[in-house]
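Summary of structural features
Single-letter residue listing:
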Amino acid sequence: MKWENSLMAFEEDIKSRSWLDWLKAHTSGFKPLHRYEGVLELNEEELIFDGRDVKENEKFKLKIPLRNITDVHYGFDEVFKGREERAWPWNKPLRIKYQSGEGERTIYLFAHFHHKSGIRASDNEELYEKLKEMRPEL
């Protein structure tokens, strides 16, 4: 499965967001808080985000083996709070925790960011359900 126009941020991107980042995420026409834009792909073995770092204007690619995912959460949490997203409570982030060579990492996704009836939306619920189906223990 592939989702075009996907958005992603690492936990540290959310924690270190500037006031300007927050303002952009709350102004009409702007996207939810994120650092990376691209295509998200889910296959039998891994979750792949292929796009660019909009802050550094560089190519970016992240591959997460499904076996390394330790937690999946659909909704707001203590890091990505409802006040971070203008379309709260409708457009909820998808949080994925996984093991990497750097230890545990956390990303926040908006799979296929789009507008639905004038409200910011994503396919995060579909992605969440698919991940839970593939990894029921999560």
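Data block above holds the structure.
Reference entry: report on the structure contained in this document. Model, not experiment: these values are computed from the prediction.

Side note on the pattern of salt bridges
By the definition in use, this model includes 12 salt bridges. Linking Arg-105 and Glu-102 is a salt bridge whose minimum nitrogen-to-oxygen distance equals 2.7 Å. Owing to a relative accessible area of 63%, Glu-102 belongs among the exposed residues under this scheme. Among the ionic pairs, Glu-137 bridges to Arg-135, the shortest N-O distance being 2.4 Å. Owing to a relative accessible area of 14%, Arg-135 belongs among the buried residues under this scheme.

A few points about the pairing of strand 7 (residues 103–110)
Counting buried positions along strand 7 gives 6 out of 8 residues, so the element sits mostly inside the fold. The pairing of strand 6 (residues 94–100) with strand 7 spans 7 bridges and is classified as antiparallel. Considered in strand 7, the bridge of Tyr-98 is made with Arg-105. Between strand 6 and strand 7, which pair antiparallel one after the other, the connecting turn spans 2 residues.

A look at the packing of aromatic side chains
Evaluated as defined, the whole model comprises 5 aromatic pairs. Among the aromatic side chains, those forming a connected cluster through ring pairs are Phe-10, Tyr-36, Phe-49 and Phe-60. It is Arg-105 that lies over the ring of Phe-10; its NZ or CZ is 4.2 Å from the centre.

Some details on the sheet that holds strand 1 (residues 2–10)
Ordered in space as 4-3-2-1-7-6-5, the 7 strands form an open sheet in which the pairing is antiparallel. The open sheet is flanked by strand 4 (58–65) and strand 5 (69–74), the only strands paired with a single partner. Sheet twist, expressed as the average angle between the axes of neighbouring strands with direction ignored, equals 30 degrees. Where strand 1 lies against strand 7, 4 bridges are found, and the strand directions are antiparallel. Looking across to strand 7, one finds that Ala-9 is bridged to Tyr-108. Most of the contacts of helix 3 (residues 124–134) go to strand 5, to which it runs at about 145 degrees, and overall it touches strand 1, strand 2 (36–42), strand 5, strand 6 and strand 7.

Regarding unusual backbone geometry
Phi at Asn-57 is positive, roughly 55 degrees, even though this residue is not glycine. Here Asn-57 shows up in the loop between strand 3 (46–53) and strand 4. For Asn-57, a relative accessible area of 60% corresponds to the exposed category. Of note in the backbone geometry, His-112 takes a positive phi value of approximately 50 degrees without being a glycine.

The rules behind each value
Residues numbered from 1 in each chain as written. Predicted model: local features only at pLDDT ≥ 70, side-chain atom pairs only at ≥ 80, totals over all residues. Heavy atoms only, no water. Salt bridge = Lys/Arg side-chain N within 4 Å of Asp/Glu carboxyl O. Buried < 20%, exposed > 50% of the residue type's maximum accessible area, 1.4 Å probe, protein only. Helix = DSSP H or I, 4+ residues; strand = E, 2+ residues; numbered from the N terminus. Pairing = 2+ DSSP bridges. Phe/Tyr/Trp six-rings, centres within 6.5 Å; stacked < 30°, edge-to-face > 60°. Lys NZ or Arg CZ within 6 Å of the ring centre and 35° of its normal. Axes fitted to C-alpha atoms, helices over the stretch in contact; angles between N-to-C directions. Contact = heavy atoms within 4.5 Å.

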